[in-house]
Amino acid sequence: MRSGSATILSRLLGLAAVLAVTFQLSGCGSVLSRKAMDQVNPNLSPDIVLKNPKAFIGQTVLVGGTILSSENLQEGTLVEVLTYPTDRRGNPQLDEPALGRFLLLYPGYLDTLIYQQGRKVVAAGRIIGERVTDTGETNRAFPLLHPLEIELLSEYDTGPRFGIGLGFQFGF
């Protein structure tokens, strides 16, 4: 009987290990869907696009950063994003220097009280040209993207978390 109990315990521990690894890996995916990320050109970074957006029309770039403004227009919702370098998951690295501004022209309605100044956002966007905007003192042209996917990031995200427990879990 003793060997039967050991076998069951061994199988349960093996199952627990497989489940733990599965849950851990599921938290390591990108912010955006695989479908959107598959369309992003991995060799195209926002800083390259900022130098000459017209050269990359039709290509898809990953941008992440902070919303500066959003406005509902007849053609859709225009979201202005101050873009930062992103990590491998697509999260903007706000502790790095900003790269510049991008304009996302979403072809439908987005609530500007939700997509408001200061929120963190990540988008995979197809480059469709440039748009001149008034920055207060002068008019500037910024890359204009058609977002294939846009994701607001949690205001409460403090980074990766994990825990180990027996039957219950507690975390901050």
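Whatever comes next refers back to the structure up there.
Described in the following lines is the structure provided in the data block. (Residues numbered from 1 in each chain as written. Predicted model: local features only at pLDDT ≥ 70, side-chain atom pairs only at ≥ 80, totals over all residues. Heavy atoms only, no water.)

1. Some thoughts on the overall build of the protein
Moving on, step 1. Scanning the protein from terminus to terminus reveals 3 helices and 5 strands.
Moving on, step 2. Along the protein, from the amino end to the carboxyl end, the secondary structure elements read α-α-α-β-β-β-β-β.
Moving on, step 3. Excluding contacts between residues fewer than 6 apart, the proportion of contacts in the protein whose partners are at least 24 apart in sequence is 61%.
Moving on, step 4. Accessible surface, the protein: about 11500 Å² in total, of which carbon and sulfur atoms supply 55%. (Helix = DSSP H or I, 4+ residues; strand = E, 2+ residues; numbered from the N terminus. Contact = heavy atoms within 4.5 Å. Areas by Shrake-Rupley, 256 points an atom, 1.4 Å probe, with all protein chains shown as cover.)

2. Section: the environment of Val-49
Moving on, step 1. Position of Val-49 relative to the elements: it lies in helix α3 (residues 46–51).
Moving on, step 2. Given a relative accessible area of 0%, Val-49 falls into the buried group.
Moving on, step 3. The spatial distance from the C-alpha of Val-49 to the C-alpha of Gln-59 is 9.9 Å, given a sequence separation of 10 residues. (Buried < 20%, exposed > 50% of the residue type's maximum accessible area, 1.4 Å probe, protein only.)

3. Here we look at the pattern of salt bridges
Moving on, step 1. One pass over the structure, following the stated rule, counts 3 salt bridges.
Moving on, step 2. Between Lys-54 and Glu-130 there is a salt bridge whose closest N-O contact spans 3.9 Å. Here the residue Lys-54 occupies a position in the loop between α3 and β1 (60–73), and Glu-130 occupies one in strand β4 (residues 120–134), the gap between them amounting to 76 residues.
Moving on, step 3. Exposure remark for Lys-54: the relative accessible area of 54% places this residue in the exposed category.
Moving on, step 4. Linking Arg-101 and Glu-80 is a salt bridge whose minimum nitrogen-to-oxygen distance equals 2.7 Å. Placement of Arg-101 in strand β3 (residues 100–106) and of Glu-80 in strand β2 (residues 76–84) is noted, with a sequence separation of 21 residues between them.
Moving on, step 5. Using a relative accessible area of 29% as the deciding quantity, one classes Arg-101 as partly exposed.
Moving on, step 6. We classify Glu-80 as buried; its relative accessible area is 14%. (Salt bridge = Lys/Arg side-chain N within 4 Å of Asp/Glu carboxyl O.)

4. Topic: the environment of Phe-142
Moving on, step 1. As for its placement among the helices and strands, Phe-142 is situated in strand β5 (residues 139–152).
Moving on, step 2. The class for Phe-142 is buried, based on a relative accessible area of 4%.
Moving on, step 3. Phe-142 sits 89 residues away from Pro-53 along the chain, and the two C-alpha atoms are 8.1 Å apart.

5. Some thoughts on the sheet that holds β5
Moving on, step 1. The strand order around the closed barrel formed by 5 strands is β1-β2-β3-β5-β4, and the pairing between neighbours is mixed. Put simply, the sheet's adjacent strands are angled 45° from each other on average, direction ignored.
Moving on, step 2. Across 7 bridges, the pairing between β1 and β4 is antiparallel. In the sheet register, Val-61 faces β4, and the bridge partner there is Gly-125. (Pairing = 2+ DSSP bridges. Axes fitted to C-alpha atoms, helices over the stretch in contact; angles between N-to-C directions.)

Keep in mind that these numbers describe shape and distance, not what the molecule does.
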